[in-house]
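The primary structure of each chain is shown beneath.
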Amino acid sequence: MPRWILIALYVAWPVGVGVIRALTRLRTRFLLITTAAWLVALVIATTAHPTDRALPAGLLAGTLGSLGLWLATSNGVNFELNSHKTYWPDDAGAPKGERLAATLLALIALTAVATLAIQ
């Protein structure tokens, strides 16, 4: 896959989440997790070697990390010290915008997997 497509995916990730945020409701928790995962993906992409595998590896690690943390914290956050208390509970479930943004991240992750498989 051409390098410019992978770089475009790094741009499409925050832009897509930003557009979805402008149109629908996203929880702050989701935005923080996605931002942190995007930064991790950028660090991996800019520092890993070999560089031809660094871009898709960063995308894959960032998107899977973001999706995993989103699923783990979708109903609230528990800490090990007080595991019976749930902080910031949300029993209503994920808003539709979050599910749409998670679908975008899953598509980016699948593209990264396909790129790694081709190389």
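Rules used in this analysis
Residues numbered from 1 in each chain as written. Predicted model: local features only at pLDDT ≥ 70, side-chain atom pairs only at ≥ 80, totals over all residues. Heavy atoms only, no water. Helix = DSSP H or I, 4+ residues; strand = E, 2+ residues; numbered from the N terminus. Buried < 20%, exposed > 50% of the residue type's maximum accessible area, 1.4 Å probe, protein only. Contact = heavy atoms within 4.5 Å. Areas by Shrake-Rupley, 256 points an atom, 1.4 Å probe, with all protein chains shown as cover. Lys, Arg positive; Asp, Glu negative; His and termini not counted. Charge placed at Lys NZ, Arg CZ, Asp CG, Glu CD. Salt bridge = Lys/Arg side-chain N within 4 Å of Asp/Glu carboxyl O. pLDDT = per-residue confidence, 0-100. Axes fitted to C-alpha atoms, helices over the stretch in contact; angles between N-to-C directions. Parallel < 35°, antiparallel > 145°, perpendicular 65-115°, else oblique. Nonpolar A, V, L, I, M, F, W, Y, C, P; charged D, E, K, R; others polar. Phe/Tyr/Trp six-rings, centres within 6.5 Å; stacked < 30°, edge-to-face > 60°. Core = buried A, V, L, I, M, F, W, Y, C linked by side-chain atoms within 4.5 Å.

Looking at the overall build of the chain
Of regular secondary structure, the chain possesses four helices and two strands. Helices and strands appear in the chain in the N-to-C order α-α-α-β-β-α. Seen through its C-alpha atoms, the chain measures out along the principal axes to roughly 45 × 35 × 20 Å. Residue burial in the chain is summarised as follows: out of 119 residues, 35% are buried. A sequence separation of at least 24 residues applies to 73% of the contacts in the chain between residues at least 6 apart. Accessible area of the chain: about 7,100 Å², with a carbon and sulfur share of 70%. Averaging the positions of the 9 positive and the 5 negative side-chain charges in the chain gives two centres separated by 7 Å.

Observations regarding the pattern of salt bridges
Counting across every chain of the model gives one salt bridge. Linking Arg27 and Glu98 is a salt bridge whose minimum nitrogen-to-oxygen distance equals 2.8 Å. Taken together, the residues span a long stretch of sequence, with Arg27 in the loop between helix 1 (3–23) and helix 2 (28–47) and Glu98 in helix 4 (residues 96–118) at a distance of 71 residues. Of the two residues examined, Arg27 and Glu98, each falls in the buried class.

Concerning the confidence of the model for the chain
Scored by pLDDT, the chain comes out at a mean of 87, with 93% of its residues at no less than 70. Summarising per-element confidence for the chain, the mean pLDDT is lowest in strand 1 (residues 77–79) (65) and highest in helix 2 (93).

Quick word on the packing of helix 1 against helix 4
It is at 10 Å that the axes of helix 1 and helix 4 come closest, and there the two elements cross at 175°. Between helix 1 and helix 4, the angle is such that the two are roughly antiparallel. Seen from helix 1, the contacting residues are Leu6, Leu9, Ala12, Trp13, Gly16, Val17 and Ile20; seen from helix 4, they are Gly97, Leu100, Ala101, Leu104, Leu105, Ile108, Thr111 and Thr115. When its residues are assigned to classes, the contact of helix 1 with helix 4 shows 11 nonpolar, four polar and no charged.

Describing the packing of aromatic side chains
Per the stated rule, a full pass over the model turns up one aromatic pair. Centre to centre, the rings of Phe30 and Trp70 are 6.1 Å apart; their planes meet at 80°, and the pair counts as edge-to-face. Taken together, the positions of Phe30 in helix 2 and Trp70 in helix 3 (residues 51–72) put the pair 40 residues apart, joining distant regions of the chain. Each member of the pair, Phe30 as well as Trp70, is classed as buried.

Some thoughts on the nonpolar core
Within the largest apolar cluster, 22 residues are counted, with the highest numbers of intra-cluster contacts made by Tyr10, Trp13, Val17, Phe30 and Leu59. For this core, the secondary-structure elements that each account for two or more residues are helix 1, helix 2, helix 3 and helix 4. Every residue in contact with Trp13, bar those within four places of it in the chain, is listed here: Thr34, Ala37, Trp38, Ala41, Leu59, Gly62, Thr63, Ser66, Leu104, Leu105 and Ile108.

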